[in-house]
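# Architecture and fold: a report
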Amino acid sequence: MAEFKDIIGQEQIKSHLKNAIATGKVSHAYIINGERFSGKEFVARVFAMALQCEKGGEEPCQQCHSCKQALSGNQPDIIYLTHEKPGSIGVDDIRAQINGDVAIKPYSSPYKIYIISEAEKMTVQAQNALLKTLEEPPAYAVILLLTTNVNSLLQTILSRCVILHMKPVSDELIKKFLMEQMQVPDYKADVCAAFARGNVGKAKHLASSEDFEKVKEEAISLLKYVHDMDVTEMIAAIKKIAEYKLDVEDYLDILAIWYRDVLLFKATRDANHLVFREETQNIRKIAGRTSYEGIETIIQSLSRAKSRLEANVNFDLAMELLLLDIKEYG
């Protein structure tokens, strides 16, 4: 099913889009801005279905011919832009699939809707080509630009679009969704929600990822025994993460959440709010031997390691510096 009520959180976006449908004041162009996996594609899909629904309500009915076509990805007037090059959307993609097509009236629906995922990949020439359509769109055209970086779009494009920002969803809502919809157990839902930092798609991905479970166990094992390891053993342990499909940033996030737990336990002596509750014994031990300053230093080191990796600093070097800090201050 794909309805507005299936969108978790995002109350402002839902109310804006439903209001546009109810009043008939639908803009010709929308930008939905949000990080990867935040659910932009799902929001666009529900909005497009609702606009084309034959029942004409605020929610897509799921039953009419148009809704059924949309659910199976075959609605002729909901067009998803495709592009040959993985890294960029070129001027030819825009000209062939939008500019050259938009003058043809909708096949069977009130609107002709174009959905451009990864709009940040449009070249400047592609954006300028799209601008031609945005300046004088036919009455039935609706263009949805989905992007992880609204600042990569030209000011002239931004000024012609309604910009909607995806907001982080609360941990409680994410946890509830994982437990009710995906039957994820309580303790695992806690970890996934904390780790996803408001991103529902990421939480879903983590909850169903075997790699995440393995990486989490390896990371915690490293933290438990880091004091007895020499640098070569530590680097070997970290290199093992390359075997998994999980990003090194995700690995660093696991370490950061662990030390946030240590800090929280040290301050409150209360295990109820820990993400890694099943590891309370180890967290208590580390909290007992580590100073507040030491924990803060490690959390800062984790943040520095992330920045270094983003700046393409040598992986082994960035990790060695981090692990030496963890060994010294943890």
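## Examining the confidence of the model for the chain
The predicted model of the chain has a mean per-residue pLDDT of 86, with 98% of residues at 70 or higher. Of all the helices and strands in the chain, helix 11 (residues 231-239) carries the lowest mean pLDDT, 76, while strand 4 (residues 141-147) carries the highest, 95.

## Considering the packing of helix 1 (residues 11-23) against helix 2 (residues 40-52)
It is at 10 Å that the axes of helix 1 and helix 2 come closest, and there the two elements cross at 15 degrees. Between helix 1 and helix 2, the crossing angle belongs to the class labelled roughly parallel. For the element pair helix 1 and helix 2, the recorded crossing hand is right-handed. Where helix 1 abuts helix 2, its residues Ile13, Leu17 and Ile21 lie against Val43, Phe47, Ala50 and Leu51. Each residue belonging to the contact of helix 1 with helix 2 can be placed in one class, and the counts come to seven nonpolar, no polar and no charged.

## A few points about the state of the cysteines
Within this structure, the stated rule accounts for zero disulfides. Considering cysteine sulfurs only, Cys61 is the nearest to Cys53, which forms no disulfide, with 3.6 Å between them. For Cys53, a relative accessible area of 6% puts it in the buried group.

## Some details on the sheet that holds strand 4
Pairing within the open sheet is parallel, and its five strands lie in the order 2-3-4-1-5. Two strands in the sheet have a free side with no partner beyond their single neighbour: strand 2 (78-80) and strand 5 (162-165). Averaged over all pairs of adjacent strands, the angle between strand axes in this sheet comes to 20 degrees, irrespective of strand direction. Looking at chain direction, strand 1 (residues 29-33) and strand 4 are connected through five bridges and run parallel. Each residue of the ladder has a partner; that of Ile31, found in strand 4, is Leu145. Running at roughly 145 degrees to strand 5, helix 1 makes contact with strand 1 and strand 5 of the sheet. Taken strand by strand, helix 5 (residues 124-135) contacts strand 1, strand 3 (112-116) and strand 4, and its axis lies near 140 degrees from that of strand 4.

## Quick look at the nonpolar core
If you look at the biggest cluster of nonpolar residues, it comprises 56 residues, and the most contacted ones within it are Leu178, Leu255, Trp258, Tyr259 and Ile326. No other element matches the eleven residues that helix 12 (residues 248-268) contributes to this core. With sequence-adjacent residues up to four places away left out, Leu255 is seen in contact with Ala219, Leu223, Leu302, Leu322 and Ile326. Formed by 32 residues, the second largest nonpolar core is a distinct cluster that contains Phe4, Tyr30, Leu51 and Ile113.

## So, the pattern of salt bridges
The tally for this structure, following the rule as stated, stands at 14 salt bridges. The salt bridge involving Arg197 is made with Asp253; its shortest N-O contact spans 3.4 Å. Of the two residues, Arg197 sits in the loop between helix 8 (186-196) and helix 9 (200-207) while Asp253 sits in helix 12, which places them 56 residues apart along the sequence. Since its relative accessible area comes to 4%, Asp253 is described here as buried. If you follow the salt bridges from partner to partner, you end up with Lys175, Asp186, Asp190 and Arg277 in one network.

## Thoughts on helix 10 (residues 210-225)
Taking 1.5 Å as the rise per residue, helix 10 with 16 residues should run 22 Å; its terminal C-alpha atoms sit 23 Å apart, in good agreement. Within the span of helix 10, buried status applies to Asp211, Phe212, Val215, Lys216, Ala219, Ile220, Leu222 and Leu223. Take helix 10 and look down its axis: the buried residues cluster within an arc of 155 degrees, on one side only. Across helix 10 from its buried face, at more than 90 degrees, point the exposed residues Glu210 and Glu217.

## So, the environment of Ser117
Summarising the element assignment, Ser117 is placed in the loop between strand 3 and helix 5. Judged by relative accessible area, which is 24%, Ser117 ranks as partly exposed. Residues Ser117 and Leu81, spaced 36 residues apart in sequence, show a C-alpha to C-alpha distance of 7.4 Å. In contact with Ser117, other than residues within four places in its own chain, are Glu41, Ile89 and Leu146.

Cut-offs and rules
Residues numbered from 1 in each chain as written. Predicted model: local features only at pLDDT ≥ 70, side-chain atom pairs only at ≥ 80, totals over all residues. Heavy atoms only, no water. pLDDT = per-residue confidence, 0-100. Helix = DSSP H or I, 4+ residues; strand = E, 2+ residues; numbered from the N terminus. Axes fitted to C-alpha atoms, helices over the stretch in contact; angles between N-to-C directions. Parallel < 35°, antiparallel > 145°, perpendicular 65-115°, else oblique. Left-handed = near helix turned anticlockwise from the far one by under 90°. Contact = heavy atoms within 4.5 Å. Nonpolar A, V, L, I, M, F, W, Y, C, P; charged D, E, K, R; others polar. Disulfide = S-S within 2.5 Å. Buried < 20%, exposed > 50% of the residue type's maximum accessible area, 1.4 Å probe, protein only. Pairing = 2+ DSSP bridges. Core = buried A, V, L, I, M, F, W, Y, C linked by side-chain atoms within 4.5 Å. Salt bridge = Lys/Arg side-chain N within 4 Å of Asp/Glu carboxyl O. Expected span 1.5 Å × (residues − 1). Arc of directions from axis to C-beta.

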